[in-house]
Amino acid sequence: MQKFEASGAKVFGISTDNTPSLKAFAESLNLPFPLLSDFVDRKVSQDYGVFLPKNAIANRVTFVIDKDGVIDFIESGGDAMKIMGATDACDRLAHRKQQ
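Residues numbered from 1 in each chain as written. Predicted model: local features only at pLDDT ≥ 70, side-chain atom pairs only at ≥ 80, totals over all residues. Heavy atoms only, no water.

A. Inspection of the overall build of the protein chain at higher detail. Scanning the protein chain from N- to C-terminus turns up four helices and six strands. Seen in sequence order, the protein chain has helices and strands lined up from the N terminus as α-β-α-β-α-β-β-β-β-α. With respect to the principal axes defined by its C-alpha atoms, the protein chain has extents near 45 × 30 × 25 Å. Relative to its full complement of 99 residues, the protein chain shows a buried share of 22%. Restricting the contact set of the protein chain to residue pairs at least 6 apart, pairs at least 24 apart contribute 29%. (Helix = DSSP H or I, 4+ residues; strand = E, 2+ residues; numbered from the N terminus. Buried < 20%, exposed > 50% of the residue type's maximum accessible area, 1.4 Å probe, protein only. Contact = heavy atoms within 4.5 Å.)

Written out as structure tokens, the structure is:
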């Protein structure tokens with residue numbers, strides 16, 4: 001979280017799970033960031049191209065988006081749960097912020 005904060009990044013998760021499920025999940029892991037639900041219409045998942053209509057869920061994907069709304073980094077599948085790529089992207093964003 002320190003690297004994200006140093007880069008000025010905001011961290012949150014978005015899931016196609018319902019709000020009560022996300023709340024329980026976040027509490028069980030003591031997550032230091034909010035989880036948002038895309039359960040009702042799956043619009044965010046569809047807009048970002050990660051919705052899997054056959055299963056009615058979203059693929060696991062990590063996006064790092066800069067302050068101008070430009071996607072700087074994408075990691076999908078099992079690697080989306082690994083934090084190293086996202087923290088590397090935050091290092092790049094922090095470096096740009098200093099320039």
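B. Up close: the pairing of strand β6 (residues 71–76). Examined bridge by bridge, strand β5 (residues 61–65) and β6 share five bridges and lie antiparallel to one another. Each bridged residue has a counterpart across the sheet, and for V61 the counterpart in β6 is S76. Counting the residues that bridge the hairpin from β5 to β6 gives five residues, and of these G69 lies at a positive phi of roughly 85°. (Pairing = 2+ DSSP bridges.)

C. Region of the structure containing the environment of T16. Secondary-structure assignment places T16 in the loop between β1 (13–15) and α2 (19–29). For the pair formed by T16 and M1, sequence separation is 15 residues and the distance between their alpha carbons is 24 Å.

D. Expanded view of the side chain of R42. In this structure, R42 sits in the loop between β2 (35–37) and α3 (43–47). Look past the residues within four positions of R42 in its chain and what remains in contact with it is T16, F51 and A56.

E. The arrangement of the pattern of salt bridges in detail. This structure, assessed with the given rule, holds one salt bridge. K43 is the partner of D47 in a salt bridge, and the nearest nitrogen-oxygen pair spans 3.1 Å. In this pair, D47 and K43 are both assigned in helix α3, four residues apart and thus about one turn of the helix distant. Assessed through its relative accessible area of 54%, D47 is described here as exposed. Exposure remark for K43: the relative accessible area of 46% places this residue in the partly exposed category. (Salt bridge = Lys/Arg side-chain N within 4 Å of Asp/Glu carboxyl O.)

F. Spotlight on the side chain of T16. On the basis of relative accessible area, T16 is assigned to the buried category, the value being 7%. The contact partners of T16, leaving out residues within four places of it in the chain, are D38, F39, R42, S45, A56, I57 and A58.

G. Fine view of a nonpolar patch on the surface. Together, F12, I14, L36, V44, Y48, I65, I71 and I74 make up a nonpolar patch on the protein surface, roughly 670 Å² of accessible area in all. For I71, the position within the fold is in strand β6. Take I71: its relative accessible area is 38%, and that puts it in the partly exposed class. (Patch = residues over 30% accessible without salt bridge, like charges linked within 9 Å, V, L, I, M, F, W, Y side chains within 5 Å. Areas by Shrake-Rupley, 256 points an atom, 1.4 Å probe, with all protein chains shown as cover.)

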